Every structure is written in C-alpha cells, then in structure tokens.
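# Breakdown of the fold
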Amino acid sequence: MPGFVNSSSSFTLPVSASYHTRKPSLGSWSTTHKSVGIKYGRGKYADVELMPQPSDDPDDPLNWPRWRKDLNLAALLSVVALAGALKTVFLTTAAVAAERYRTSSYLAVAALTGVPLMLSALTGTAACVAARVWGRRPVYMLATGALFVGSVWNATAVDSYGSCMGARVVQGLAWGVFDTLVMTSIQDTYFEHQRNLRVTLYNVLNITATWGAPLLGGLLSSSHPSDLVYQLRVISGLFLLAIPLLCLAAPETAFDRSHAAAAPTPVSGFTLSRRRRWQPWRVKHRLTRARVLGYLRDMRPLTFRHHRQVTRELLLQVPRALAAPTTLLVVLLSVLPVAALWGLAGSLSLLLAPRPVGAGPATLGAVMTGPWIAPALIAGSLALYRGVHLQFTRLANCLVVCGGSSLALVGILSFGLGVGNFMTTSPSPLSGSLFSEDGAGQLSLALVSFQLAVLAAGAAVLDAATRPSLARSASFTASNMTAALRSIGDMHAGVVVYRNLAAGVFAMAVPVSVARPGGLRAVTLGLAVAQLVVSGVVVAQRCCFDEAVWRADGRVMGLIDLSSLKLSVSYFEPDERA
C-alpha cells in the first residue's frame, strides 16, 4: 500500500538437496558434512540452512558479496524515498494550489493526489508482467526516468492546472513500479535469515518518505510562500544523485535459478578451485581494468536471460494472483483503514486552511507528524519480534486482526466525531469554512494529529498480517520453494495494487464529501461500520474456512493438482495445534 509495506519476510518450506558441479561463491554460504549438497550460512549462521538454496552460478544474486547486495538495496531505496515524497507533496499545500491554479473545486485539487495513485495500480500490475519478460532493471530505469521527468515538469508548471495534472500523471505511472517490484528484488537478493533487517529498513524508509515528507514540505512552503513548487524543485534536484546511483549500483536481480541449478552430471559434493584460495581483502577488491569493464557490462540496461520460453501461463500468473481468494481477503481486511487515512489526510488542507482556523502549510505539516511516527515505530517494533513471522498461528492472526481493527476504528471515529463537533452546519458565505469562530478556537491540531496517528497505527498493525497470510497459503499450495516465493511475490503485488486503487479513489471522494455540512460524520461512521463488519468476516473465515480458501488459491493460480491436496500437507499445522 502507499506508505506501508508489510514487514514480514519469513516462512518455512521444506527444500530438497541439490547437486553442484560449478565453482561456488563463498561470500555468504558454504557446504558442510552435515548434509551433502545442502548449503549453509557462514559465521554465526553456520548451522542455518540457506533458504532459498542458491545455485552455483556467480551471477546468481544470492551469491553476490554483501557489499553488492546492500549497494543495490541502497540504490533502490533512494528512488523509493523520492517516489514516496512525491505522493504526498500536495497534502499540506492543497489550499495554496487551489488558489494558485484558480480553481475552487475540491475534486480538482484532490485529483492531483488521487489520479496518480489510481494510475499506479495499473502500472504496478503491468510492471510485474513486464519484469517476467525483460527483467526488473529496465523497468526500474524507465520508471526512474518517468519520475524525474514528471518531477521537473511539475516544478515548472507554475500557473497551469492542466500542466500540473499532466506531470502528476507521469509520476503516477512510475510509482506503481517501485510499489510492487522492490519487495521481490529484496526477496531474490537476500536469504531468509538476512531479509528481516532489510525489509524493516524498507518499511521504515517508505513510511518516513511518504508521511514524513509533508512536514518538510510544509516548512519549505512556509519559507517560500510565493513559490508553490519550491519543494518539487528540491526533489527534482535529489534525482541528480539517485539516477546515477540506480544506473551504476542496481544490477539485474531477476534470475532463472531453476535453469542454473541443473547440473549436467550430478555429484555428491564439490572441490574448491585453487583460484578460490584465500586472499587478502585488498587483493580481492583491487580495481583493475578487467574488473571495471566486467562490472560495467553487468550494468547494461538489459541483462536478464530467461532460459525458459515465455508462455501465456507465465504472463497470466500476476493477473491470477489478483483474483486469488487469499489476496482478496487480505485486501478486504486492510483496504479501508489505508484508504481512510489517505482520504482524511487529503482533507486536512481543504478543511483547516480557510479561516477562521487558518492553518498554513507548516502547521498542517506538523499535523502529519503523528501518521508518520506511529506506523514507523510499529514497523520497527514488529521486526524486533521476528518470531511472530516464523510462527504466525491462527491465534496470532486473530489477535493482529482484532488489535489493528480496534485501532483503526478508534482513529476513524475519534477523528470524525471529534473534529465534527467543532464544525458548523452552515458554511460561512465568505470563506466557505465549515468552522465557526468558537469551534476553530477549541479545535486542537495536536489532538487531530494523534487521532490520525491511531488510524495509521491500525493500518500498520493490520498490514503485519499480510505477508504471513500469503505465506501460509503458499506453503499449502506451492510444490517447491521457487513456486512459493513467486506466489507470495505475485499475491503481495496484488495487495499493493488494490490498496493503491482504493487510496486514489478515497483521496478524491473523501475531501468532496467532508466539504459538505455533516459529511465528515457520515463518512467516518460509514467507514467504521464497514470495517467492523469486514473484521468479523475475516476472523470467521480464518477460524473456519482456511483450508477451503487455500484450495481455492491453488485452483485460481494453477499451482497444484487439487486431487492430491490433503490437509496433512499443511506445513503450519504443528503451529496451529500449539
């Protein structure tokens, strides 16, 4: 979802031993006598069986040295941060934009955020399909170029609403790429025991960039009150650092490991080549002309080699994941809090900027501190208790659903009823404000920030159930680790696509609705009742119909022969009996 990505990245599937004849990279793994053909970690992870098992190909991203993996992640995160900042750039300046572009329509201003969010849902799906054919690197580069062009165009669209909307459309076409593909890049680059820290870093940075940027944007806008697009110029300047980093430090991470792992002559082990003997770090990493040229060859725009024929079934895997019952249930659970957060946050400037409240961009940016801090702390805290990702039982699932839904309900109702108490039923004919002088004087912006923080916290807690739920389904339907990882990645991308679509719709619909007398109360009460009903349905399904839903996942996604599917093959059954 925009600004939130689930922090769970771990699940357990049985893997079979593989055999190898090619020289391995020993940067992050080794084999031991414990199990011939099975690869284990190194150092303190010497007893950890690597999941997924890497191939013997040095081009396999799992075999990259640690510095190359982390540099690739840093390059991707730099663009993720800029994309997140662009999403919320108009939340604190919507009223200023309405005045600058000479429009009094709430829908026109809200569309600057809502339209690109909806477009990102479409491009997110298309990016997942394109990455299957051409790899992720060319998709990332095209999306980064579109972000840069849209940002520069937006910074030069001073007085034209049409030009500004065109720039936002170009940006939205690129947002979906980084919303759906970055998690799969992390999944394909790091082993299971390495992902927790990286995924947490991605989560916290994504949340900070999306919901913390309005605070900085409000300060920049207040320091340059006559320049609406000053913060866009700052973001455009940062692309001059992010683009070279992406081009030179983010190689292709998609890899056909099933083909590379096939050894022509199975053997029981492998022998280290003499060229793999120990060398000092300075010797192994000494810059030479051959090494530099080889590195640059790996940085070509198109380096992905798909050894299998691209079939219709392969291209339809992502659309099938969109229709999987587990995907739809996860979306149903968390989409309302996420969409409500975008809608209510997008209404702040249009509600509080007119007098008598008169909140400027800097004040509104300070209000967004709550929705930034609360989910970031929750994402970091969940990473500290990694056990919840390894043993996500039915009880844990229900507790997360109930706790997250309760927080979301409290946040929605307290914001709607609390702010609604200070609103008048007859708008001022001069300013159009829905607040009277007395109501504006009693309104606490710090309390408004806290109410949005509770709502954002509920959305973050519900998001914690996303990837474990998808992993449970994959463990029941996938025949091997490769199929399971692909299934999880596709379904997670589907969840993000649906959330982006709903966030775009609510970002436009909620500001229009709350601008009417009594509209805020009606919207929040409707959202609260809907979330309460949805949570009850999801908990009931989780307690009574898990296996039926997983079987339906296998049928929709075409993963397994359902005639051989039995309850006893569920890898999570021991956890559920605990």
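Calculation criteria
Residues numbered from 1 in each chain as written. Predicted model: local features only at pLDDT ≥ 70, side-chain atom pairs only at ≥ 80, totals over all residues. Heavy atoms only, no water. Core = buried A, V, L, I, M, F, W, Y, C linked by side-chain atoms within 4.5 Å. Buried < 20%, exposed > 50% of the residue type's maximum accessible area, 1.4 Å probe, protein only. Helix = DSSP H or I, 4+ residues; strand = E, 2+ residues; numbered from the N terminus. Contact = heavy atoms within 4.5 Å. Expected span 1.5 Å × (residues − 1). Patch = residues over 30% accessible without salt bridge, like charges linked within 9 Å, V, L, I, M, F, W, Y side chains within 5 Å. Areas by Shrake-Rupley, 256 points an atom, 1.4 Å probe, with all protein chains shown as cover. Salt bridge = Lys/Arg side-chain N within 4 Å of Asp/Glu carboxyl O. pLDDT = per-residue confidence, 0-100. Phe/Tyr/Trp six-rings, centres within 6.5 Å; stacked < 30°, edge-to-face > 60°. Lys NZ or Arg CZ within 6 Å of the ring centre and 35° of its normal. UniProt positions renumbered as here; feature names shortened; annotations may be inferred. Axes fitted to C-alpha atoms, helices over the stretch in contact; angles between N-to-C directions. Parallel < 35°, antiparallel > 145°, perpendicular 65-115°, else oblique. Left-handed = near helix turned anticlockwise from the far one by under 90°. Nonpolar A, V, L, I, M, F, W, Y, C, P; charged D, E, K, R; others polar. Lys, Arg positive; Asp, Glu negative; His and termini not counted. Polar contact = N/O pair within 3.5 Å; in protein donor to acceptor, adjacent residues only side chain to side chain.

## Here's the deal with the nonpolar core
Formed by 103 residues in total, the largest nonpolar core has its most connected members in L147, F178, L348, L352 and F435. Ranked by residues supplied to this core, first place goes to helix α14 (residues 325–352) with 14 residues. Setting aside chain neighbours within four positions, we find L352 in contact with V357, G358, A359, L364, F435, L443 and L445. In terms of nonpolar packing, the next biggest core, distinct from the first, is built from eight residues, I378, V400, A453 and V461 among them.

## What about helix α4 (residues 136–156)?
With 21 residues, α4 should cover 30 Å at 1.5 Å per step; its first-to-last C-alpha distance of 30 Å lies within 8% of that length. Along α4, the residues that are buried comprise R136, R137, P138, V139, Y140, A143, T144, L147, G150, S151, N154 and A155. In this fold, the buried residues of α4 make contact with α1 (66–87), α3 (106–134), α5 (161–180), α6 (182–189) and α8 (230–249).

## Considering a nonpolar patch on the surface
Judged by side-chain polarity, L248, L287, V292, L293 and L296 come together as a nonpolar surface patch covering roughly 460 Å² of accessible area. No other element matches helix α11 (residues 289–298), which puts three residues into the nonpolar patch. Its place among the elements puts V292 in helix α11.

## Concerning the confidence of the model for the chain
Per-chain confidence: the chain averages 80 in pLDDT, with 80% of residues scoring 70 or above. Across residues 261–276, where pLDDT falls below 50, the model places 25 contacts with residues more than four positions away in sequence or in other chains. Here residues 561–578 is modelled with pLDDT under 50, and outside its nearest four sequence neighbours on either side it reaches 32 contacts, counting other chains as well.

## Considerations on the pattern of salt bridges
Going through the model one piece at a time under the given rule, you end up with seven salt bridges. Salt-bridge contacts for R198 lead to D70; the nearest nitrogen and oxygen are separated by 3.3 Å. Highlighted residues: R198 in helix α7 (residues 192–223) and D70 in helix α1, separated in sequence by 128 residues. The exposure class assigned to D70 is partly exposed, which follows from its relative accessible area of 30%. Its salt-bridge partner being D463, residue R499 comes within 2.5 Å of it at the nearest N-O pair. Within this pair, whereas R499 is found in helix α22 (residues 481–514), its partner D463 is found in helix α20 (residues 445–463), the two being separated by 36 residues in sequence. As far as the burial class goes, R499 and D463 line up, both buried.

## A look at the packing of aromatic side chains
In this structure the tally under the stated criterion is four aromatic pairs. Judged by centre distance (4.8 Å) and plane angle (55°), the ring pair of W211 and W342 falls under tilted. Of the two residues, W211 is situated in helix α7 and W342 in helix α14; the sequence distance between them amounts to 131 residues. Residue classification places W211 among the buried residues on the basis of a relative accessible area of 0%. We classify W342 as buried; its relative accessible area is 1%. Geometry around W64 places R68 over its ring, the cationic atom sitting 4.7 Å from the centre.

## Remarks on the UniProt feature "transmembrane region" (unreviewed entry) in the chain
Per the UniProt record, the feature "transmembrane region" (unreviewed entry) sits at residues 73–98, 104–127, 199–220, 232–250, 322–344, 364–385, 397–423 and 443–462. Annotated as residues 73–98, this span is 77% helix and 0% strand, and its ends, taken at the C-alpha atoms, are 38 Å apart.

## Observations regarding the packing of α3 against α22
Look at α3 against α22: their axes get within 7 Å of each other, and the N-to-C directions meet at 165°. Of the possible angle classes, the one that applies to α3 and α22 is roughly antiparallel. Crossing angle aside, the handedness with which α3 passes α22 is left-handed. The class makeup of the residues in the contact of α3 with α22 is 18 nonpolar, seven polar and three charged.

## With respect to the side chain of R195
Among the structural elements, R195 can be located in helix α7. As a buried residue without a salt bridge, R195 has its nearest oppositely charged side chain in E192, at a separation of 5.7 Å. A distance of 3.2 Å separates a polar side-chain atom of R195 from the backbone oxygen of Y190.

## Section: the packing of helix α16 (residues 369–384) against α20
Between two packed helices, both the angle of their axes relative to each other and the distance between the axes serve to describe the pair. Direction vectors running N to C along α16 and α20 enclose 30°, while the axes themselves pass 7 Å from each other. Here α16 lies roughly parallel to α20, going by the angle between them. As α16 packs across α20, the resulting crossing turns out to be right-handed. Together, T369, G370, P371, A374, P375 and I378 of α16 and S449, L452, A453, A456, A457, A460 and V461 of α20 make up the contact between the two elements. Grouping the constituent residues of the contact of α16 with α20 by class yields ten nonpolar, three polar and no charged.

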